[in-house]
Amino acid sequence: MKPSIPKGTRDFGPAEVIKRNYIFDTIREVFVRYGFQPIETPAMEDLATLTGKYGEEGDQLLFKVLNNGDFLSKADDQALQAKDSAKLVPSISKRGLRYDLTVPFARFVAMHQNDIPFPFKRYQIQPVWRADRPQKGRYQEFYQCDVDVVGSESLMFEAELAQIYDEVFQKLGLKVVIKLNNRKILAGMAEAAGLSEDRFMDMTIAIDKLDKIGMDGVKQELSKRDISAEAIEKIEAMLGTTELEALKSTFAASKPGLKGIEELETVFEYLNMGPTYNTIQFDITLARGLNYYTGCIYEVAVDLEAEGQENIKMGSIGGGGRYANLTENFGMRTNGSGVGVSFGAERIYDVMEELSLFPEDKANTLQLLFIAFDEKAHRYAFKALQQARAAGINAELYPDPARVRKQMKYADQRNVPYTVVIGDREMESGELAFKNMVTGQQENLQLNAIIDQLK
RNA sequence: GUGGUUGUAGCUCAGUUGGUUAGAGCGCUGGAUUGUGGUUCCAGAGGUCGCCGGUUCAAAUCCGGUCUUCCACCCCA
């Protein structure tokens, strides 16, 4: 059989795993410093937990897990006859793979509400699955790194999450733009433009594309979605706004609009109390598709104006927002408002790789390879190997006393900086042949001296 | 989910209007070199041409299906 893996999934070799861990470790370190604690949830959730939370589009992208046993005998016969897949699913699948980490977290909080302290601050680094068509930087299995806090409406957390973004990307050496908006401001826009409530989604989807298709494209998109020319004109005028202050008069008659402005002003008030490394800006065109967001929303993009980053082509590398009602779905009675952001580790990886931002790895690499000339020397070397490891040196012994040429070649492939060759002469004198693989120079030293040099 | 694109040796890729036994570079194995890798030279191994079916005297090549890759939508990290 020919080996293969499912579409949109990947294997990772040692070099990749080490780099991925570098990203995860950096992110985790910042999360921990802000007081967040780790949790994990299952790869599978009840399908009912997942459906309806991400909009119609999201439901289509959910991976469903087929029931075990004789699932067809229990299937909805009518749907089966009619070949109606959507209708058939509930009767043959009761579980699905998680689509993100936020919904499982909301479920977790509601389920354990009597056992956890509020506000509950957690982080979670686990894979998620989407049945999307793969492209570059878009996979069916990928990791998300989420931080969320539930049980507080304080806007301090909105500010802290932006600071976390800022700090993580500073540590990773990547310049980004952190964009902030508020769903209430979008609602205000819809209201000010005289749109009915059911047109709200259409409007946000269209304006979200502004930087991609331009103002004319957005206007086309809006009219295609049955939005009147008059409303489009008003929306266009509002989209030109980059300052919160300027929106106040526009939203004079819109309560949610004014509330959104007030919230963002408070967030920026917190943020302006200290320095930030990256650009953090209000962006009225930021919409985000996920249905459950109610307040502030975030998105992070690579800063294309930063030196060396001009040609990076990558979608958003992080996003998030406040969800006031999500936990209610799972029976949270009070205090269930949450806010959180997510890091797209895979895309961050791709960008960092393209910019060569990964530091050379020291902790995870082999420092020393022992090479033995014959069986007797191999035993001798095994003992020396233990001493080197006991001293904290990452060391290996070639498994057989093969030809030195072959062992040297292996050392070369493994990129080991130093080797020790042991044969009769070395065992007799106690001085081992210690070779620097970069310069090719070799000297005879006692094992202790070699260990000292590598420590 | 819609439209397009890709697949030939471990890797990167040639392969003519369909026509002998499908090639190259790199890598791999062995030798030059029985105590030393990276350079050089010599030799060798390695292929169900993604998979299934069809057209044809004859298919890597043409046709259909399918899987995969990448791209544009949709959406998104």
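Residues numbered from 1 in each chain as written. Chains lettered and ligands numbered in written order. Predicted model: local features only at pLDDT ≥ 70, side-chain atom pairs only at ≥ 80, totals over all residues. Heavy atoms only, no water.

Lay out the sheet that holds strand 2 (residues 44–46) with the relevant residues and their values.
Strand pairing in a sheet takes place through backbone hydrogen bonds and is either antiparallel or parallel in direction. The strand order across the open sheet formed by three strands is 2-4-3, and the pairing between neighbours is antiparallel. Looking at the sheet topology across the chains shown, the edges are occupied by strand 2 and strand 3 (64–65). In terms of strand pairing, strand 3 meets strand 4 (residues 95–97) through two bridges, oriented antiparallel. If you follow lysine 64 over to strand 4, its bridge partner there is glycine 96. (Pairing = 2+ DSSP bridges. Helix = DSSP H or I, 4+ residues; strand = E, 2+ residues; numbered from the N terminus.)

I'd like a description of the UniProt feature "binding site: L-histidine" (unreviewed entry) in chain A, backed by residues and values.
Mapped onto the present numbering, the UniProt feature "binding site: L-histidine" (unreviewed entry) falls at Asp100, Leu101, Thr102, Arg130, Gln144, Asp148, Arg288, Tyr292 and Tyr293. Of note, threonine 102 is situated in helix 6 (residues 102–111). The contacts of threonine 102, once residues within four sequence positions are left out, are Asp146, Asp148, Tyr292, Tyr323 and Leu326. Inspection of the secondary structure assignment puts tyrosine 293 in the loop between strand 8 (279–282) and strand 9 (296–302). Owing to a relative accessible area of 8%, tyrosine 293 belongs among the buried residues under this scheme. Those residues within four positions of tyrosine 293 in sequence are excluded, and the remaining contacts are Arg183, Arg288, Gly320, Gly321, Arg322 and Tyr323. (UniProt positions renumbered as here; feature names shortened; annotations may be inferred. Contact = heavy atoms within 4.5 Å. Buried < 20%, exposed > 50% of the residue type's maximum accessible area, 1.4 Å probe, protein only.)

Please provide a residue-by-residue account of the protein's contact with RNA strand B, values included.
Inspection of the region around RNA strand B gives 42 residues, with Lys136, Arg138, Ser316, Phe373 and Met437 positioned closest. The protein-proximal atoms of RNA strand B, defined as those within 4 Å of the protein, are 49% sugar or phosphate. Within the side chain of arginine 130, an N or O atom sits 2.7 Å from a sugar or linking oxygen of RNA strand B. Within the side chain of glutamate 426, an N or O atom sits 2.6 Å from a base nitrogen of RNA strand B. (Near = heavy atom within 4 Å. Polar contact = N/O pair within 3.5 Å; in protein donor to acceptor, adjacent residues only side chain to side chain.)

Describe in detail the environment of methionine 352, supporting the description with residues and values.
You can see methionine 352 is positioned in helix 14 (residues 345–354). By relative accessible area, which is 0% here, methionine 352 ends up buried. C-alpha separation for the pair methionine 352 and glycine 173, spaced 179 residues apart in sequence, amounts to 8.6 Å. When near neighbours in sequence (up to four residues on either side) are disregarded, methionine 352 contacts Tyr22, Ile23, Leu172, Leu357 and Phe358.

Got a sec to walk through empty space enclosed by the protein? Specific residues and values, please.
As enumerated under the stated definition, the model contains one cavity of 30 Å³ or more in all. Looking at the largest cavity, its volume works out to about 40 Å³. Looking at side-chain class alone, the lining of the largest cavity contains four nonpolar, no polar and two charged residues. (1 Å grid on protein atoms, 1.4 Å probe; cavity = no way out; pocket = protein on both sides within 12 Å on 5 of 7 lines; lining within 4 Å. Points joined across faces, edges and corners; volume = space filled by probe spheres on them. Nonpolar A, V, L, I, M, F, W, Y, C, P; charged D, E, K, R; others polar.)

Please set out the nonpolar core residue by residue, giving values where relevant.
Formed by 95 residues in total, the largest nonpolar core has its most connected members in Phe169, Met189, Met203 and Phe343. Per-element tally for this core: the top contributor is helix 7 (residues 156–172), with nine residues. Residues within four places of methionine 203 in sequence aside, it is in contact with Leu186, Met189, Ala190, Leu195, Leu222, Ile227 and Ile235. Of all hydrophobic cores here, the second largest spans 21 residues; its members include Leu368, Phe370, Ile393 and Met427. (Core = buried A, V, L, I, M, F, W, Y, C linked by side-chain atoms within 4.5 Å.)

Hey, could you go over helix 16 (residues 404–414) for me, with residue numbers and the actual values?
The set of residues buried in helix 16 consists of Gln407, Met408 and Ala411. All buried residues of helix 16 project into a common sector of 100° when viewed along the axis, lining one side. Residues of helix 16 that are exposed and point over 90 degrees away from its buried face: Arg405, Lys406, Lys409, Asp412 and Gln413. The secondary structure elements touched by the buried residues of helix 16 are strand 12 (368–372), strand 14 (418–422) and strand 15 (432–436). Phi turns positive one or two residues past the end of helix 16, at asparagine 415, with a value near 65°. (Arc of directions from axis to C-beta.)

Could you give an account of the pattern of salt bridges, naming the residues involved and the relevant values?
Under the definition given, this model contains 21 salt bridges. The closest approach of N and O atoms between glutamate 167 and arginine 33, which form a salt bridge, is 2.8 Å. Taken together, the positions of glutamate 167 in helix 7 and arginine 33 in helix 1 (residues 14–33) put the pair 134 residues apart, joining distant regions of the chain. Judged by its relative accessible area of 19%, glutamate 167 is buried. One salt-bridge network, held together by shared partners, links Arg199, Asp202, Lys209, Glu221, Lys224 and Arg225. (Salt bridge = Lys/Arg side-chain N within 4 Å of Asp/Glu carboxyl O.)

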